[in-house]
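Listed below are the residues making up each chain.
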Amino acid sequence: MQKLDYLEDVRAIDMRGDRVAVLFGRGGFDLVDVSSPLDPQVIDRFRREDDLSNWSGIRIVDDKHV
C-alpha cells in the first residue's frame, strides 16, 4: 500500500468500501479513493479556517456525506 504524507495532524480516519476519510486537527478532511492501494488518490478536499474547536471524529455516511 502506498503511504500518504500529511503536514497536518491526523485525528481520525474512517473507511467505507474503497473510500477513506482522513480528519485533520483543524477540522478539514480529505476523501481518498483506495480502490488501488498502490496508488491512493485524493478525490475531494475540505479545509476550514483555524478555530478553537477540537475535532476528534469522522464518519463516511454514504457516497455523498462525510
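It should be noted that the structure appears before, not after, this text.
So, here's what we can say about the structure. (Residues numbered from 1 in each chain as written. Predicted model: local features only at pLDDT ≥ 70, side-chain atom pairs only at ≥ 80, totals over all residues. Heavy atoms only, no water.)

### A word on the environment of Arg 59
Among the secondary structure elements, Arg 59 is positioned in the segment after β4 (41–46). By relative accessible area, which is 56% here, Arg 59 ends up exposed. Placed 39 residues apart in sequence, Arg 59 and Val 20 show a C-alpha to C-alpha distance of 9.3 Å. When neighbours within four sequence positions are excluded, Arg 59 is seen to be in contact with Asp 14, His 65 and Val 66. (Helix = DSSP H or I, 4+ residues; strand = E, 2+ residues; numbered from the N terminus. Buried < 20%, exposed > 50% of the residue type's maximum accessible area, 1.4 Å probe, protein only. Contact = heavy atoms within 4.5 Å.)

### Considerations on the pattern of salt bridges
Side chains bearing opposite charge may pair, as long as their charged atoms lie close to each other. Enumeration over the complete set of coordinates arrives at six salt bridges. The salt bridge involving Glu 8 is made with Arg 47; its shortest N-O contact spans 3.1 Å. Remark: Arg 47 occurs in the segment after β4 and Glu 8 occurs in the segment before β1 (10–16); sequence separation between them is 39 residues. With a relative accessible area of 35%, Arg 47 lands in the partly exposed category. A salt bridge links Asp 18 to Arg 19; its shortest N-O distance comes to 3.3 Å. Asp 18 gets classed as partly exposed once you look at its relative accessible area, which sits at 34%. Judged by its relative accessible area of 29%, Arg 19 is partly exposed. Look at the salt bridges and you will find they share partners, linking Glu 8, Arg 26, Asp 30, Arg 45 and Arg 47 into a network. (Salt bridge = Lys/Arg side-chain N within 4 Å of Asp/Glu carboxyl O.)

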